[in-house]
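In case you want the letters, here they are:
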Amino acid sequence: MSETNKKVTLMFWDCNASIDIENHEEMDSYTLSVTEYQVNEEKSSRDNARLEERSVTEVYLGEEEIQELIRSLQYLSHNKCDRKE
(Lines give C-alpha, C1' and ligand atoms only; values in the text may rest on other atoms or scores of the structure.)
Protein backbone atom coordinates (compact mmCIF):
# COMPACT_ATOMS: atom_id res chain seq x y z
CA MET A 1 0.00 0.00 0.00
CA SER A 2 1.50 3.36 -0.99
CA GLU A 3 1.47 6.26 1.41
CA THR A 4 0.09 9.66 0.48
CA ASN A 5 2.51 12.57 0.27
CA LYS A 6 1.44 15.84 1.86
CA LYS A 7 2.08 19.09 0.00
CA VAL A 8 1.70 22.78 0.83
CA THR A 9 1.86 25.51 -1.82
CA LEU A 10 2.28 29.18 -0.92
CA MET A 11 1.63 31.61 -3.78
CA PHE A 12 3.11 35.10 -3.71
CA TRP A 13 1.18 36.88 -6.45
CA ASP A 14 2.81 40.29 -5.95
CA CYS A 15 6.25 38.91 -6.82
CA ASN A 16 5.15 36.09 -9.19
CA ALA A 17 6.63 33.31 -7.08
CA SER A 18 5.60 30.24 -5.13
CA ILE A 19 7.04 27.90 -2.53
CA ASP A 20 6.05 24.23 -2.41
CA ILE A 21 6.92 21.93 0.47
CA GLU A 22 6.19 18.25 -0.04
CA ASN A 23 6.56 15.52 2.58
CA HIS A 24 7.72 12.18 1.18
CA GLU A 25 6.57 9.94 4.04
CA GLU A 26 7.98 6.73 2.58
CA MET A 27 11.50 8.24 2.55
CA ASP A 28 11.12 10.46 5.64
CA SER A 29 12.23 13.48 3.60
CA TYR A 30 10.93 16.75 2.18
CA THR A 31 11.28 18.68 -1.06
CA LEU A 32 11.25 22.48 -0.86
CA SER A 33 10.75 24.12 -4.28
CA VAL A 34 10.92 27.83 -5.05
CA THR A 35 9.36 28.72 -8.40
CA GLU A 36 9.67 32.07 -10.13
CA TYR A 37 7.09 32.95 -12.80
CA GLN A 38 7.09 35.46 -15.63
CA VAL A 39 4.18 36.97 -17.52
CA ASN A 40 3.68 35.45 -20.96
CA GLU A 41 2.92 38.60 -22.93
CA GLU A 42 1.66 36.69 -25.98
CA LYS A 43 -1.00 34.77 -24.01
CA SER A 44 -1.93 37.58 -21.62
CA SER A 45 -4.66 40.13 -22.05
CA ARG A 46 -5.11 43.49 -20.39
CA ASP A 47 -7.32 41.95 -17.70
CA ASN A 48 -5.74 38.49 -17.43
CA ALA A 49 -2.01 37.88 -17.00
CA ARG A 50 -0.84 34.37 -17.98
CA LEU A 51 2.14 33.18 -15.99
CA GLU A 52 4.71 30.58 -16.98
CA GLU A 53 7.55 29.07 -14.98
CA ARG A 54 10.80 30.95 -15.36
CA SER A 55 12.93 28.97 -12.93
CA VAL A 56 12.55 26.27 -10.28
CA THR A 57 14.99 25.51 -7.47
CA GLU A 58 14.54 22.32 -5.46
CA VAL A 59 16.16 21.53 -2.14
CA TYR A 60 15.88 18.11 -0.53
CA LEU A 61 15.61 18.16 3.27
CA GLY A 62 15.57 15.54 6.00
CA GLU A 63 13.37 15.64 9.10
CA GLU A 64 16.01 17.50 11.15
CA GLU A 65 16.48 20.15 8.47
CA ILE A 66 12.75 20.79 8.02
CA GLN A 67 12.35 21.16 11.80
CA GLU A 68 15.21 23.69 11.83
CA LEU A 69 13.51 25.62 9.02
CA ILE A 70 10.26 25.69 11.02
CA ARG A 71 12.08 26.89 14.16
CA SER A 72 13.83 29.60 12.13
CA LEU A 73 10.55 30.87 10.70
CA GLN A 74 8.99 30.88 14.17
CA TYR A 75 11.99 32.82 15.50
CA LEU A 76 11.60 35.43 12.76
CA SER A 77 7.87 35.66 13.36
CA HIS A 78 8.22 36.05 17.15
CA ASN A 79 10.93 38.69 16.81
CA LYS A 80 8.73 40.68 14.44
CA CYS A 81 5.88 40.56 16.97
CA ASP A 82 8.23 41.63 19.78
CA ARG A 83 9.14 44.83 17.88
CA LYS A 84 5.66 46.38 17.95
CA GLU A 85 5.81 50.14 18.06
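Residues numbered from 1 in each chain as written. Predicted model: local features only at pLDDT ≥ 70, side-chain atom pairs only at ≥ 80, totals over all residues. Heavy atoms only, no water.

Caption draft 1: Looking closely at the side chain of Ser18. On the secondary structure map, Ser18 appears in strand β2 (residues 17-24). Among the polar contacts made by the side chain of Ser18, one reaches the side chain of Tyr37 at a distance of 3.3 Å. If near-sequence neighbours (up to four positions away) are discounted, Ser18 is found in contact with Leu10, Met11, Phe12, Ser33, Val34, Thr35 and Tyr37. (Helix = DSSP H or I, 4+ residues; strand = E, 2+ residues; numbered from the N terminus. Polar contact = N/O pair within 3.5 Å; in protein donor to acceptor, adjacent residues only side chain to side chain. Contact = heavy atoms within 4.5 Å.)

Caption draft 2: Up close: the sheet that holds strand β4 (residues 51-62). Ordered in space as β1-β2-β3-β4, the four strands form an open sheet in which the pairing is antiparallel. Only two strands of the sheet have a single neighbouring strand rather than two, namely β1 (6-12) and β4. Strand-to-strand twist in this sheet, taken as the mean axis angle between neighbours without regard to direction, amounts to 15 degrees. Here β1 runs beside β2; their pairing, made up of seven bridges, is antiparallel. Across the sheet, Met11 pairs through a bridge with Ser18, a residue of β2. (Pairing = 2+ DSSP bridges. Axes fitted to C-alpha atoms, helices over the stretch in contact; angles between N-to-C directions.)

Caption draft 3: Spotlight on the layout of surface pockets. The computed volume of the largest pocket comes to approximately 220 Å³. Within the residue set of the lining of the largest pocket, elements represented by two or more residues are β1, β2, β3 (29-39) and α1 (63-82). In terms of residue class, the lining of the largest pocket is made up of ten nonpolar, one polar and three charged. (1 Å grid on protein atoms, 1.4 Å probe; cavity = no way out; pocket = protein on both sides within 12 Å on 5 of 7 lines; lining within 4 Å. Points joined across faces, edges and corners; volume = space filled by probe spheres on them. Nonpolar A, V, L, I, M, F, W, Y, C, P; charged D, E, K, R; others polar.)

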